[in-house]
Amino acid sequence: MRHLMSPLDFSTEELDRLFDLAGDIEHNPGKYAHACEGKILATCFYEPSTRTRLSFESAMTRLGGRVIGFSDAASSSASKGESVSDTIRIISCYADICAMRHPKEGAPMVAAEKSRIPVINAGDGGHQHPTQTLTDLLTIRSLKGSLGGFTIGLCGDLKFGRTVHSLINALVRYEDIRFLFISPEELKVPDYITDMLKEKNISYEEVIRLEDVMPQLDLLYMTRVQKERFFNEEDYVRLKDFYILDAAKLSLAKEDMLVLHPLPRVNEISVEVDSDPRAAYFRQAQYGVYVRMALILTLLELA
Ligand code: NCD
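First, a word on what this report is: a plain description of the structure on this page. Note that the structure is a prediction, hence the values are computed from the model and not measured.

### Brief notes about the site of the ligand
Part 1: Surrounding the ligand, one finds Arg51, Thr52, Arg101, His129, Gln132, Arg162, Thr163, Arg224, Gln226, Pro262, Leu263 and Pro264.
Part 2: In this structure, threonine 52 approaches the ligand through a side-chain N or O atom, which is 2.8 Å from an oxygen atom.
Part 3: Side-chain polar atom of glutamine 226 to an oxygen atom of the ligand: 2.8 Å apart, as the coordinates give it.
Part 4: Protein chains bury 94% of the 310 Å² of accessible surface belonging to the ligand in isolation.
Part 5: Of all the secondary structure elements, the ones that give two or more residues to the shell around the ligand are helix H2 (51-62) and helix H6 (162-171).
Part 6: Class assignment for the residues of the shell around the ligand results in three nonpolar, five polar and four charged.
Part 7: Of the residues that make up the shell around the ligand, three or more belong to each of domain 1 (7-128 + 288-299) and domain 2 (131-285).

Now the structure itself:
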């Protein structure tokens, strides 16, 4: 039995197979409409989510399966003090696969150790968000044609943004990728990530102004300042609008650059950018459903 805790749990060859399957699902949805009949997905969300939880639910429903779960720790037995290990033992009796989001880093891993069913990490604190990374990789592969050979700018909250940490970890396995980290001093990418890049001899640069590097980028990954992980409101208020991508800034970019964002967006991308053909974030959310369908099939060994 396999779980998904980090994007690195799959080799790049396995990821290729997963993305091929997601592509087939995109083009032949009817073929998969009953693939998970009789199977149940449990979504155990101890932290707010719209996209991730609903895209898992949509994915399982589109595969002909069913969904149970909770979307808030307060409405689960966690509020009575039940441990994640106990909860997953119970969920293992009720469902065939579980997607878990938790504010504590490592909680889904603790659950996986005690689980009799595959557990998918749907985001653990500021740590990892592997299914968002699978979504990002599938989007890049589908819209750019390949993974590798590009300069990617990651902009915003690089300190607390788990989607950023997961994506960098996953991208270092591909050839010829250059990273530009665009953030205020206070929200720089953690040292453990830059140490890893140095160790692997991978090129990166840290800058503050988005405008300065815009013309170099093939991909721009915008992120929200992670309000819920700040220790004080004052710092959040000071930093929340540090970057706002608008049409004027986008005019400095290459014609075929893509703007990605894991969403939800707050102010960091102005709505005027939505109609620019380079804005790919809503298409990205659609790819999130296909890749989660492929992942469920793979972990249930139905593919
Ligand atoms: C992200 C997350 O939860 O980390 N959202 C998502 O799953 N698409 C990004 C965010 O909340 O900013």
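### Examining the sheet that holds strand E5 (residues 150-155)
Part 1: Strand order in the open sheet made by the five strands is E7-E6-E5-E8-E9, with parallel pairing throughout. Among the strands making up the open sheet, the edge pair consists of strand E7 (204-207) and strand E9 (258-260). Across the sheet, the mean angle from the axis of one strand to that of its neighbour is 20°, orientation sign disregarded.
Part 2: Bridging between strand E8 (residues 219-222) and E9 involves three bridges; their strand directions are parallel. Looking across to E9, one finds that leucine 219 is bridged to leucine 258.
Part 3: Running at roughly 165° to E5, H6 makes contact with E5, strand E6 (177-182) and E8 of the sheet.

### Description of the nonpolar core
Part 1: Grouped together as the largest cluster of nonpolar side chains are 60 residues, with contacts concentrated most on Ile152, Leu154, Ile168 and Phe179.
Part 2: No other element matches helix H11 (residues 281-299), which puts ten residues into this core.
Part 3: When residues of this core are sorted by domain, at least three fall in each of domain 1 (7-128 + 288-299) and domain 2 (131-285).
Part 4: The contacts of phenylalanine 179, once residues within four sequence positions are left out, are Ile152, Leu154, Ile168, Leu171, Val172, Leu197, Ile202, Ser203, Tyr204 and Glu205.
Part 5: The next biggest cluster of nonpolar side chains, apart from the first, holds 21 residues, and it includes Leu217, Leu245, Val259 and Leu263.

### Some thoughts on the packing of aromatic side chains
Part 1: For the structure shown, the criterion picks out eight aromatic pairs.
Part 2: The interplanar angle of 55° and the centroid separation of 5.3 Å between the aromatic rings of phenylalanine 160 and phenylalanine 230 together place this pair among those described as tilted. With phenylalanine 160 in the loop between E5 and H6 and phenylalanine 230 in the loop between E8 and helix H9 (233-239), this pair connects stretches of sequence that are 70 residues apart.
Part 3: Judged by its relative accessible area of 15%, phenylalanine 160 falls in the buried class.
Part 4: With a centroid separation of 5.8 Å and 70° between ring planes, the pair formed by phenylalanine 230 and tyrosine 236 is classed as edge-to-face. Here phenylalanine 230 and tyrosine 236 have matching classes, each one buried.

### Here's the deal with helix H7 (residues 191-199)
Part 1: Looking at H7, one finds that the buried residues are Ile193, Thr194, Met196 and Leu197. Projected down its long axis, H7 carries its buried residues within an arc of 155°, all on one side. Residues of H7 that are exposed and angled more than 90 degrees away from the buried face: Asp191, Lys198 and Glu199.
Part 2: Buried residues belonging to H7 abut H6, E6 and E7.
Part 3: Asparagine 201, located one to two residues past H7, shows a positive phi value of around 60°.

Cut-offs used in this document
- Residues numbered from 1 in each chain as written.
- Predicted model: local features only at pLDDT ≥ 70, side-chain atom pairs only at ≥ 80, totals over all residues.
- Heavy atoms only, no water.
- Near = heavy atom within 4 Å.
- Polar contact = N/O pair within 3.5 Å; in protein donor to acceptor, adjacent residues only side chain to side chain.
- Areas by Shrake-Rupley, 256 points an atom, 1.4 Å probe, with all protein chains shown as cover.
- Helix = DSSP H or I, 4+ residues; strand = E, 2+ residues; numbered from the N terminus.
- Nonpolar A, V, L, I, M, F, W, Y, C, P; charged D, E, K, R; others polar.
- Domains from an automatic or database assignment.
- Pairing = 2+ DSSP bridges.
- Axes fitted to C-alpha atoms, helices over the stretch in contact; angles between N-to-C directions.
- Contact = heavy atoms within 4.5 Å.
- Core = buried A, V, L, I, M, F, W, Y, C linked by side-chain atoms within 4.5 Å.
- Buried < 20%, exposed > 50% of the residue type's maximum accessible area, 1.4 Å probe, protein only.
- Phe/Tyr/Trp six-rings, centres within 6.5 Å; stacked < 30°, edge-to-face > 60°.
- Arc of directions from axis to C-beta.

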